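Examining the three-dimensional arrangement
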Amino acid sequence: MKKLWAGRFKEETEKTVESFSESVSFDARLWKYDIEGSIAHVKMLSRQKIIPQKDAALIMKGLLEIEAEIQSGKFKFRESLEDVHMNIEYALIKKIGDAGGKIHTARSRNDQVALDMRLYLREEIGTILKLIKGFQKVIVSSADKHIDVIMPGYTHLQRAQPVLLSHHLLAYYEMLERDRGRFDDCLSRTNVMPLGAAALSGTTFPIDRKYVARLLKFPAVSENSIDTVSDRDFVIEFISASSILMTHLSRLAEEFIIWNSEEFRFIELPDAFTTGSSIMPQKKNPDVLELTRGRTGRVYGHLVSLLTVMKALPLAYNRDMQEDKEPAFDTVDTVKSCITVLTRMFPKVRFNRKAMNEATLSGFLTATDIAEYLVKKGMPFREAHSVTGRIVKHCSDRNIALAELGIDNLKKFSKLIGRDISHHIKVETSVHEKKSYGGTSKKLVQSRIKKIKSRK
Ligand code: ARG
């Protein structure tokens, strides 16, 4: 097939080169944005009298017909036409003849592809922002529902101090809040109109870029034509924000896998979100969580892949940049599907308050509270730490919990220890007393929930 750019070529493209270099097999996904961008471009060309109005009308009609054909599945994308842009332009010319050949006036595929990617990512970022918000919502309502459940908080995966389950869950809310901030920020730099940079230096036609930006609802127009066609920062930023989001989803997945284990039994995952083993009948495997954790690696890979593609490219456009598509698309798909499935699963997770509570009783979780008790009675913290350490060792050697030691025995460790110590070694007291801003006391956690819920 004769290529749209074949003018200066004597030979046809090698078959292997066609399939080697085509991108339509994956960039066809940009068709909607390609048509939207072309319509805005053509409106501008006609308004600026760069092409006759009647040609513009024909072009728009043709593009809308092509849109309908693609939507209904009738349109045939052809590998020999390389990419989505040329497939659509070729179909337009075939449909309306010479007028179709005017669509590419004052435009290059270099600024066209930048526009398509920006329109595409802008929309997907919007969707992802909504999905994150939806996930935050189920986390907060679960935190609200389980406000009385106390569990061990961990450091080094060792029982450390008692915390509210709600406080632990809300930690994920905060991570996701930062994720939303990152996507929002990335959106502001994605939402810049690139068309008009043409191949790299701008165009001699009297185009009106601001008008195109208004039509396509871009709040800004890019400043430098060379930068415009060589910039993929916005895609890198998007995958970077996605990588951090995936880190958070993966950590949650990992915790739930651990909590769901026979060893912990802190949660029970809903049947509908687990799978059986083909050989071991007793198994209920947390595959959704494992796949979320596993797919995090893909997104990280895409980030490194695109950074590497871009790192040594001389300005301006280079074909290497076509390699931004698959990483970007797969990142979008992965992120959306992971949040969606986790959001559906989360409200159905059963939290085992008894197992969590029992786990707070052993492991000397209130040892820090004893030390702080002694400090409040006048002992320097380092000494209090060492006295408490001796108490813990004493209990540990005898295989008993702090609460089982008894006041009289406790008093032997320091004359500063009084009867009121029994109150301070309770996990409930420990949680209740964590009143420093951001701490785990029920009052603070409740007020955080209230504040979150009052936001729109
Ligand atoms: N398919 C190309 C890409 O994704 C479109 C731009 C092609 N430009 C060019 N000069 N070959 O980057």
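Reference entry: report on the structure contained in this document. (Residues numbered from 1 in each chain as written. Predicted model: local features only at pLDDT ≥ 70, side-chain atom pairs only at ≥ 80, totals over all residues. Heavy atoms only, no water.)

1. Considering the overall build of the protein chain
Selection rule: Secondary structure elements are taken from DSSP: a helix is a run of H or I of four residues or more, a strand is a run of E of two residues or more, and numbering for both begins at the N terminus. Note on method: radius of gyration uses C-alpha positions; expected globular size equals 2.2 Å times residues raised to 0.38. Burial classes: relative accessible area under 20% of the type maximum marks a residue as buried, over 50% as exposed, and values in between as partly exposed (1.4 Å probe, protein chains only). Residues are treated as being in contact if the distance between any of their heavy atoms lies within 4.5 Å.
The secondary structure content of the protein chain amounts to 19 helices and six strands. Taking 23 Å as the expected radius of gyration for a compact globule of 456 residues, we find that the protein chain reaches 31 Å, considerably beyond that expectation. Expressed along its principal axes, the backbone C-alpha trace of the protein chain runs to roughly 100 × 55 × 40 Å. The 456 residues of the protein chain split such that 49% are buried. Residue pairs in contact within the protein chain that sit at least 24 positions apart in sequence constitute 76% of those at least 6 positions apart.

2. Some thoughts on the environment of K217
You can see K217 is positioned in the loop between α8 (209-215) and β4 (220-221). Separated by 194 residues in sequence, K217 and S23 place their C-alpha atoms 27 Å apart. In this structure K217 touches R122 and N191, once residues within four positions along its chain are discounted.

3. Points about the packing of helix α7 (residues 165-190) against helix α10 (residues 233-259)
The criterion, for reference: All axes are obtained by fitting lines to C-alpha atoms, using only the stretch in contact for helices, and the reported angles, taken between N-to-C directions, cover 0 to 180 degrees. Note on terminology: angles under 35 degrees are roughly parallel, angles over 145 are roughly antiparallel, angles of 65 to 115 are roughly perpendicular, and the others are oblique. What makes a crossing left-handed is the near helix being turned counterclockwise from the far one by less than a right angle; a clockwise turn instead makes it right-handed.
Look at α7 against α10: their axes get within 8 Å of each other, and the N-to-C directions meet at 165 degrees. Between α7 and α10, the angle falls in the class roughly antiparallel. In this structure, α7 crosses over α10, and the sense of that crossing is left-handed.

4. Thoughts on the pairing of strand β1 (residues 150-155)
The side chains of a regular strand alternate between both faces of the sheet. The condition is simple: Each pair of strands is called paired provided DSSP finds at least two bridges between the two strands.
As judged from the six bridges shared by β1 and strand β2 (residues 158-164), these two strands associate in the antiparallel manner. Within β2, the position partnered with P152 by the bridge is P162. Hairpin connection between β1 and β2: a loop of two residues separates the two successive antiparallel strands, and H156 in this loop has a positive phi of roughly 55 degrees.

5. A few points about a nonpolar patch on the surface
Quick note on the threshold: Patches in this entry comprise residues that are over 30% relatively accessible and not in a salt bridge; like charges within 9 Å are linked, as are nonpolar side chains (Val, Leu, Ile, Met, Phe, Trp, Tyr) within 5 Å. Computed with a 1.4 Å probe, the accessible areas rest on the Shrake-Rupley method; for each residue, only the protein chains presented here act as cover. Whenever a carboxyl oxygen of Asp or Glu lies within 4 Å of a side-chain nitrogen of Lys or Arg, that contact is scored as a salt bridge.
Among the surface-exposed residues, L200, I226 and L315 lie close enough to one another that they form a single nonpolar patch of about 280 Å² accessible area. Considering the arrangement of structural elements, one finds I226 in helix α9 (residues 225-230). The exposure class assigned to I226 is partly exposed, which follows from its relative accessible area of 34%.

6. A short note on the packing of aromatic side chains
Note the cut-off: Here the aromatic set is Phe, Tyr and Trp, taking the six-membered ring for Trp, and pairing holds for ring centres within 6.5 Å; pairs whose planes are under 30 degrees apart are stacked, those over 60 apart are edge-to-face, and all others are tilted. Lysine NZ or arginine CZ positioned within 6 Å of the ring centre and within 35 degrees of the ring normal marks a charge as sitting over the ring.
Summed over the entire model, instances satisfying the criterion amount to eleven aromatic pairs. With centroids separated by 5.1 Å and ring planes inclined at 80 degrees, the aromatic side chains of Y120 and F329 adopt a geometry described as edge-to-face. Placement of the pair is Y120 in helix α6 (residues 109-145) and F329 in helix α12 (residues 325-345), with a sequence separation of 209 residues. Overall, Y120 belongs to the buried group, its relative accessible area being 2%. Classification of F329 as buried rests on a relative accessible area of 3%. Among the aromatic residues, ring-to-ring pairing joins F135, Y154, F256, W259, F264, F266, F346 and F351 into one connected group. Over the face of the ring belonging to Y211 we find R47, whose NZ or CZ atom lies 4.0 Å from the ring centre. Positioned over the ring face of F218 is R122, at 4.4 Å from the centre of the ring.

7. Comments concerning the site of the ligand
Operational definition: If even one non-hydrogen atom of a residue comes within 4 Å of a molecule or strand, that residue is called near it. The definition of a polar contact used here is a pair of N or O atoms within 3.5 Å, where within protein one atom must be able to donate a hydrogen and the other to accept one, and adjacent residues in sequence count solely through side-chain atom pairs. Residues are grouped as follows: nonpolar covers Ala, Val, Leu, Ile, Met, Phe, Trp, Tyr, Cys and Pro; charged covers Asp, Glu, Lys and Arg; every other residue, Gly included, is treated as polar.
Around the ligand, the neighbouring residues are S23, D83, H85, R109, N110, V113, Y317, Q322 and K325. At 3.1 Å, a side-chain N or O of D83 approaches a nitrogen atom of the ligand. Protein contacts shield 87% of the accessible area of the ligand, which totals 340 Å² for the unbound molecule. With three residues, the single largest contributor to the shell around the ligand is α6. Residues belonging to the shell around the ligand are distributed by class as follows: two nonpolar, four polar and three charged.

8. Section: the nonpolar core
Test applied: Residues grouped as a nonpolar core are buried Ala, Val, Leu, Ile, Met, Phe, Trp, Tyr and Cys residues, joined through side-chain atoms within 4.5 Å.
Counting residues in each nonpolar core, the largest one holds 105 residues, and the members touching the most others are F135 and F256. Counting 16 residues, the second-largest nonpolar core is a separate cluster that includes Y373, A384, C395 and L402.

9. Things to note about unusual backbone geometry
It is generally the case that most residues other than glycine have a negative phi and that most peptide bonds are trans. Of the consecutive residues L315 and A316, the connecting peptide bond is found in the cis state with omega at 0 degrees. If you check the backbone angles, A106 has positive phi at about 60 degrees while not being a glycine.

10. What to know about the pattern of salt bridges
Taken as a whole and judged by the stated rule, the model has 35 salt bridges. The salt bridge involving D208 is made with R47; its shortest N-O contact spans 3.5 Å. In this pair, D208 sits in the loop between β3 (192-193) and α8 while R47 sits in helix α3 (residues 31-47), placing the two residues 161 residues apart along the sequence. Among the salt bridges present, the one from D144 reaches K453, with a minimum N-O distance of 2.6 Å.

11. Some remarks on helix α5 (residues 84-96)
What counts is decided by this rule: Expected span of a helix: the number of residues minus one, times 1.5 Å.
Given a rise of 1.5 Å per residue, 13 residues ought to cover 18 Å, and the 18 Å separating the end C-alpha atoms of α5 matches this to within 8%. Residues of α5 that are buried include every one of V84, H85, M86, N87, I88, E89, A91 and L92, and no others. On the buried face of α5, the contacting elements are α2 (24-27), α3, α4 (53-72) and α6. Looking at the residues trailing α5, positive phi occurs at G97, about 75 degrees.

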